[in-house]
Amino acid sequence: MSASAEAEGGIRKRKRRRPRARTVLLTALALLVGAILLTAGTGYWAYEHYTGRVQRIPQTFPTNAPVPAASKGGQNFLLMGLDSRSDVPTTGSDAKGTLWKYGDQRSDAMMLVHIPADHSAAYVVSLPRDSWVDIPGRGRAKLNAAFSWGGPPLLIDTVQRLTDVRVDHFAVIDWNGFRKLTDAVGGVDILMADGERRHMDGAQALDYVGERKSLPNGDFDRTHRQQNYLRTVLEKVMTSASLKDPLRLKRTLDIFTETVSVDERFGDGELRELVWSMREVRAGDMTFMNAPVKGTGTVKGQSVVHLDPAGGAALWKAYRDDTVGTYLETHPVDRLRPATN
């Protein structure tokens, strides 16, 4: 089914490979859904209890590497969906497998999120996994190889050098967690490109966000599917009767804390402060877009994405200056169509 209505802009078609059998969405799902749930009618005990259960990743950030200056306002989060190739959870407090093993996992979905200083919105930029970039100590390769070779530290170092944007926090979820979170909210009704709404459980949603072969713009359309799914989940959670059902809410919160992992610097107090400050943000306040690209090509037999240095420089400067809203008023972007609420 065409996803052209989900993606705007004239990005040309690219050579595509068969998608992996299991593809994850992103950790933004866990963080943002968790933020909404944790502030929706729960008592102080639950607020403290559930933020305290979130799993931390040791040694997340790179050492002996340049660190960009902090943004002039707001915070930046690198959110990653993990293709773990594992039949057991590798993220969250329920993890039984290893988060990172050399050459064994690749980051499948990456989003750089900026939350402005006034906490009135969220700006989400998908970084194509096939972006041809400089990876410190490795030369030029696809962006998703950074995690495979060096785990979170090398991925963060690569993204920070690419954008000159400081990553304040990092979060990750694998496909096991993605599927469990989807089922925990009772599945979702995805608005398809032809206007049809289709109900999907966790396994079906994985197929939806992982498909690219049949899409006109390949991975570019797939990232918009990921964004469309995330926004749909948020819309459901924010209007769901489950928020008034303590047992159902508890189950969802349990799944959230069992599946997401965050960096070791993201303390309980800071997490609770973020949750509280974002309590009024709704799906209509979130902007989803793809990073600026020049096009696609082939390098050493690999299908790659060539990023647009000039276009990216302007966007990343807006991240650093906390002026993403102004940037969007004056720059064309490959953007997911606006939400209805």
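As shown above, the structure is provided for reference.
Residues numbered from 1 in each chain as written. Predicted model: local features only at pLDDT ≥ 70, side-chain atom pairs only at ≥ 80, totals over all residues. Heavy atoms only, no water.

Considerations on the environment of R337
Next, step 1: Along the chain, the position of R337 falls in the segment after α10 (324-330).
Next, step 2: On the basis of relative accessible area, R337 is assigned to the partly exposed category, the value being 21%.
Next, step 3: Measuring from C-alpha to C-alpha, the distance between R337 and M289 comes to 9.2 Å, with 48 residues separating the pair along the chain. (Helix = DSSP H or I, 4+ residues; strand = E, 2+ residues; numbered from the N terminus. Buried < 20%, exposed > 50% of the residue type's maximum accessible area, 1.4 Å probe, protein only.)

Description of the pattern of salt bridges
Next, step 1: Enumeration according to the criterion identifies 6 salt bridges in this entry.
Next, step 2: When the shortest N-O distance is used, the salt bridge between K72 and D321 registers 3.5 Å. In this pair, K72 sits in the loop between β1 (55-57) and β2 (75-83) while D321 sits in helix α9 (residues 309-321), placing the two residues 249 residues apart along the sequence.
Next, step 3: Under the relative-accessibility criterion, K72 is labelled exposed at 71%.
Next, step 4: A relative accessible area of 19% means that D321 is categorised as buried.
Next, step 5: With a closest N to O distance of 3.2 Å, D134 and R140 form a salt bridge. (Salt bridge = Lys/Arg side-chain N within 4 Å of Asp/Glu carboxyl O.)

Re the packing of aromatic side chains
Next, step 1: For the coordinates displayed, the defined rule picks out 2 aromatic pairs.
Next, step 2: Each ring, one from F77 and one from F266, has its centre 6.0 Å from the other, and the planes form 45 degrees; the classification is tilted. Separated by 189 residues along the polypeptide, F77 in strand β2 and F266 in the loop between β10 (261-263) and α8 (268-277) bring together distant segments of the chain.
Next, step 3: The buried category is assigned to F266, whose relative accessible area is 2%.
Next, step 4: Relative to Y319, the ring of W316 has its centre 5.4 Å away and its plane inclined at 80 degrees; by these criteria the two rings are edge-to-face. (Phe/Tyr/Trp six-rings, centres within 6.5 Å; stacked < 30°, edge-to-face > 60°.)

Looking at the side chain of Q227
Next, step 1: Inspection of the secondary structure assignment puts Q227 in helix α6 (residues 219-239).
Next, step 2: A distance of 2.8 Å separates the side chain of Q227 from the side chain of S126, its partner in a polar contact.
Next, step 3: Sequence-distant contacts of Q227, that is, excluding residues within four places in its chain, are made with M111, S126, F288, M289, N290 and L336. (Polar contact = N/O pair within 3.5 Å; in protein donor to acceptor, adjacent residues only side chain to side chain. Contact = heavy atoms within 4.5 Å.)

Observations concerning the packing of helix α4 (residues 175-184) against helix α5 (residues 202-210)
Next, step 1: At a closest axis distance of 8 Å, the pairing of α4 and α5 adopts a crossing angle of 120 degrees. The pairing of α4 with α5 is recorded here as oblique in orientation. Once α4 is placed against α5, the crossing between them reads as right-handed. Between α4 and α5, the residues in contact are W175, F178, R179, T182 and D183 and G202, A203, A205, L206 and V209, respectively.
Next, step 2: Partitioning the contact of α4 with α5 into residue classes produces 6 nonpolar, 2 polar and 2 charged. (Axes fitted to C-alpha atoms, helices over the stretch in contact; angles between N-to-C directions. Parallel < 35°, antiparallel > 145°, perpendicular 65-115°, else oblique. Left-handed = near helix turned anticlockwise from the far one by under 90°. Nonpolar A, V, L, I, M, F, W, Y, C, P; charged D, E, K, R; others polar.)

As for the side chain of D263
Next, step 1: Relative to the elements of secondary structure, D263 occurs in strand β10.
Next, step 2: In this structure the side chain of D263 is engaged in a polar contact, spanning 3.0 Å, whose partner is the side chain of H169.
Next, step 3: Within the structure, the side chain of D263 is placed 2.9 Å from the backbone nitrogen of F266, a separation counted as a polar contact.
Next, step 4: In this structure D263 touches R56, I57, T60, F61, D168, H169 and F170, once residues within four positions along its chain are discounted.

What is shown is where atoms sit, not what they do.
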